[in-house]
Amino acid sequence: MKQPGYGEEHQRPGDDRLPIVLVILDGLGDRPVPELADRTPSEAAHTPHLDALARQGSNGWHLPFGWGRAPTSELAHWAMFGYSTVPFPGRGVLEALGADVNVTPHAATVHAALRTSQQDDDRLWITGRALRADNDDADALLMALGPVLAAHGIHIQPLGGRGEALLTAPAHTVADVTDSDPFFETLHPWLQPRPTSDAGKPFAVTLTNALYTARKYLLNSPINSRRTARGLPALDVLTTKWAGVHEPVPAFIDQIGVVGAAVTSTRLYRGLATALDMRHIHLTPQAVVEKDLDARLTAAEELIDAGARFVHVHTKTTDEAGHTKAPYAKRTVLEAIDRGLARLEDIAEHAIVAVTGDHSTPSTHSLLHAGEPTPLTVVGPTVRCDEVLAFGEAPARHGWYGTLRADELLPLLLGHANRPVLLGHRITPRPVIALADQPQHMRVQ
């Protein structure tokens, strides 16, 4: 505290604002597994460092959009970052930005991918996707599709391998259409793009016609003929998903009030950081999980030293382990992650540290994601201890926070960081949720 000013009775506050490190273990949440004595992988894993953080801090459940709502990573992060009131640009846009692809503003955009298929009557079932070994064929097919799609007013840009591409339709400014990619390939065939609003009808018609034309070309492509002659499946259908429009969005500092940064692990998070004008360090995941996580913490500290006051650290290894549907594999990954996060206790001496997941990826059953809780642990100089003694879904249920939604997470962390905005005190043109670091000052001579 500082001495009162002239005419003041109370001491003036000092500056004890803290940085925030948010560690997201993608797909952390899970279901009780009989093979693990009816525990989730995080409950069954030996995680002494995460357990210590849980004992030192406060805990709860993170349910991004409520019970039963199965989030995607991009929508969970959009809300966690404080953007739930801002229109989402579509994951296709973010993936393209993360691949350093120039995205045409104000134009309907979708992510596309070459796939293998099998026809059954009037339905086309998706049977696989391009391998990295297929890159030469896939790149050639995408290039050949350029003039085919251009006849429908659609521009195609490769996204860096495995037959992925960005489709842009500059004549359309609304991309309100459904996915043609079924995602659940054993349940649904190749799907027709349908408008989700009246304004999306023109693009839905254009995209449907373009996909039919692309299918006809791919069936007769000499590249696919050579593939089948070599015993390889034809990449004979183009699927689309993640429609959106690249429109301006507020920078993180303008939306939240503090400088944000990220240690990214995939193209999606590079794109998210780019879209929000967040400084980021991109680290290609290392094979040794504990070394990978330790390197990410080092990068987070570098970003804080450079001025960031909120740093997002992400790993996808938990999500990938969950998708194997091998509970022991996810447990093993969590134990390796715990070793890699050993330095979080030291970081928490001078920062607010939070560890949670963006969604639940069950390592059992047929679900991709589930609307079930992921544990949340927060520790730091201002965080009081609750009665939770271990990290995991079941212990976290007894934590002080109860259940938090995605858009409640950042305000909670900013409060612990001594950075909450004082409601009724307005120093930024946009309403923000943090006490702004850089409000515009009056310039005097």
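To be clear, the structure that these remarks concern was listed above.
Here the residue numbering is sequential within each chain, running from 1 through the sequence in written order. This being a predicted model, a pLDDT of at least 70 is required before a residue's local features are given, and a value of 80 or more before pairs of side-chain atoms are given or counted; all residues contribute to the totals for chains, interfaces and linings. To get the side-chain values, all heavy atoms of the structure are used, and hydrogens and water are removed first.

Okay, the overall build of the chain next. Counting its secondary structure elements, the chain contains 15 helices and 13 strands. When we talk radius of gyration, it's over C-alpha atoms, and the globule rule is simply 2.2 Å times the number of residues to the 0.38. On C-alpha atoms alone, the chain measures out to a radius of gyration of 24 Å, which is about the 22 Å that the 2.2 N^0.38 rule sets for 445 residues. Dimensions of the chain along its principal axes, counting C-alpha atoms only, are 80 × 65 × 35 Å. Burial classification: accessible surface area is computed with a 1.4 Å probe over protein chains only, and a residue below 20% of its type maximum counts as buried, one above 50% as exposed, and the rest as partly exposed. Taken across its 445 residues, the chain has 52% of its residues classed as buried. Counting contacts in the chain only where the partners sit at least 6 residues apart, residues at least 24 apart contribute 72% of the total. Only the protein chains shown count as cover for residues, and all accessible areas are computed by the Shrake-Rupley method using a 1.4 Å probe. Of the roughly 20,400 Å² of accessible surface on the chain, a fraction of 53% belongs to carbon and sulfur atoms. Numbering goes from the N terminus for both helices and strands, where a helix is a DSSP run of H or I of at least four residues and a strand is a run of E of at least two. In this description, contact between two residues means that some pair of their heavy atoms is separated by no more than 4.5 Å.

Whether two strands pair comes down to DSSP finding at least two bridges between them. The strand order across the open sheet formed by 8 strands is β9-β8-β10-β1-β11-β12-β2-β13, and the pairing between neighbours is mixed. Edge positions in the sheet fall to β9 (279-282) and β13 (403-404), since each has one partner strand and no second. With 5 bridges connecting them, strand β2 (residues 58-62) and strand β12 (residues 374-379) associate as antiparallel partners. Considered in β12, the bridge of G60 is made with L376.

So, about a nonpolar patch on the surface. Patches here: salt-bridge-free residues with over 30% relative accessible area, like charges joined within 9 Å, nonpolar side chains (Val, Leu, Ile, Met, Phe, Trp, Tyr) joined within 5 Å. By salt bridge we mean one thing: a side-chain nitrogen of Lys or Arg within 4 Å of a carboxyl oxygen of Asp or Glu. Taken together, the side chains of F183, F184, L187 and L368 make up a nonpolar region of the molecular surface, amounting to roughly 340 Å² of accessible area. Looking at the secondary structure, you find F183 in the loop between β6 (164-169) and α6 (201-219).

Contact geometry of helix α4 (residues 91-98) with helix α9 (residues 267-275) gives a least axis separation of 7 Å together with a crossing angle of 95 degrees. Viewed along their axes, α4 and α9 adopt a mutual orientation that is roughly perpendicular. Across the interface between the two elements, R91, L94, E95, L97 and G98 of α4 pack against R267, L268, R270, G271, L272, T274 and A275 of α9. Each residue receives one of three labels: charged for Asp, Glu, Lys and Arg, nonpolar for Ala, Val, Leu, Ile, Met, Phe, Trp, Tyr, Cys and Pro, and polar for the others, Gly being one of them. Split by residue class, the contact of α4 with α9 holds 5 nonpolar, 3 polar and 4 charged. Only the contacting stretch of a helix is used when fitting its axis, a line to C-alpha atoms as for every element, and angles between N-to-C directions run 0 to 180 degrees. Working rule for angles: under 35 degrees goes down as roughly parallel, over 145 as roughly antiparallel, 65 to 115 as roughly perpendicular, anything else as oblique.

This next bit is on unusual backbone geometry. Despite not being glycine, H106 shows a phi value in the positive range, around 65 degrees. With respect to the helices and strands, the residue H106 is situated in the loop between α4 and β3 (108-120). We note that R162 has phi near 60 degrees; this positive angle belongs to a residue other than glycine. Along the chain, R162 turns up in the loop between β5 (155-158) and β6.

What follows deals with α6. Here a helix's expected span is defined as the number of its residues, less one, multiplied by 1.5 Å. A rise of 1.5 Å per residue sets the reference length of α6, with its 19 residues, at 27 Å; its end C-alpha atoms lie 27 Å apart and thus fit the reference within 8%. For α6, the set of buried residues is F203, A204, T206, L207, T208, A210, L211, A214, R215 and L218. Contact partners of the buried residues in α6: β3, β4 (123-129), α5 (135-150), β6, α7 (222-229) and β7 (237-245).

In a structure, side chains of opposite charge can pair up when their charged atoms sit close to one another. Considering all chains together, one arrives at 24 salt bridges under this definition. D319 serves as the salt-bridge partner of K316, at 2.9 Å between the closest nitrogen and oxygen. A residue is classified by how much of its surface remains accessible, and K316, at 27% relative accessible area, is partly exposed.

The next point concerns the pairing of strand β1 (residues 20-25). With respect to burial, β1 is a largely interior element, 6 of its 6 residues being buried. What you see with β1 is no split at all: I20, L22 and I24 on one side and V21, V23 and L25 on the other are buried throughout. Looking at chain direction, β1 and strand β10 (residues 310-315) are connected through 6 bridges and run parallel. Bridge assignment links I20 to a residue of β10, and that residue is F310. Across 5 bridges, β1 lies against strand β11 (residues 352-356) in parallel orientation. Paired with V23 across the strands is V355, a residue of β11.

To continue, consider the packing of helix α10 (residues 289-305) against helix α12 (residues 327-340). The geometry of a pair of packed helices is captured by two quantities: the angle between their axes and the separation between those axes. Put simply, α10 and α12 touch, their axes get as near as 7 Å, and they point 40 degrees apart. In this view, α10 runs oblique relative to α12, as classed from their interaxial angle. Every pair of crossing elements has a handedness; the one defined by α10 and α12 is right-handed. Along the contact surface, α10 presents V289, E290, L293, D294 and L297, while α12 presents V333, A336, I337, R339 and G340. Across the contact of α10 with α12, the residue classes tally to 6 nonpolar, 1 polar and 3 charged. By convention, the crossing between two helices is left-handed when the near helix turns anticlockwise from the far helix through less than a right angle, and right-handed when the turn is clockwise.

As a further point, take the nonpolar core. Side-chain atoms within 4.5 Å link the members of a nonpolar core, which is a set of buried Ala, Val, Leu, Ile, Met, Phe, Trp, Tyr and Cys residues. With 46 residues, the main nonpolar core has F81, F252 and F310 as its most contacted residues. For this core, the elements supplying multiple residues, two or more each, are β1, α3 (73-80), α4, α8 (252-256), α9, β11, β12 and α15 (406-416). For this core, the element with the most residues is α15, which contributes 6 residues. Excluding residues within four positions of it along the chain, F252 makes contact with F81, Y83, G257, V258, V259, G260, L276, M278, F310 and L410. Judged by nonpolar contacts, the second largest core, of 34 residues, contains V21, A261, A351 and V379.

To continue, consider the packing of aromatic side chains. One pair of aromatic rings is described through two measures. These are the centre distance and the angle between the planes. Here is the rule: rings of Phe, Tyr and Trp (six-membered ring for Trp) pair when centre to centre is within 6.5 Å. Planes less than 30 degrees apart are stacked, more than 60 are edge-to-face, and the remainder are tilted. In this structure the tally under the stated criterion is 7 aromatic pairs. The interplanar angle of 80 degrees and the centroid separation of 5.7 Å between the aromatic rings of W61 and W67 together place this pair among those described as edge-to-face. Under the relative-accessibility criterion, W67 is labelled exposed at 55%. Between F81 and F310, the aromatic rings sit 5.7 Å apart at their centres with planes inclined by 85 degrees, giving edge-to-face as the arrangement. With F81 in the loop between α3 and α4 and F310 in strand β10, the pair connects residues that are 229 residues apart, well separated along the chain. Considered together, F81 and F310 belong to a single accessibility category, that of buried residues. Ring-pair connections join several aromatic residues into one group, and the members of that group are W78, Y83 and F88. One Lys or Arg, K241, reaches over the ring of W242 and ends 4.1 Å from the middle of that ring. In our convention, an over-ring charge means Lys NZ or Arg CZ found within 6 Å of a ring centre and within 35 degrees of that ring's normal.

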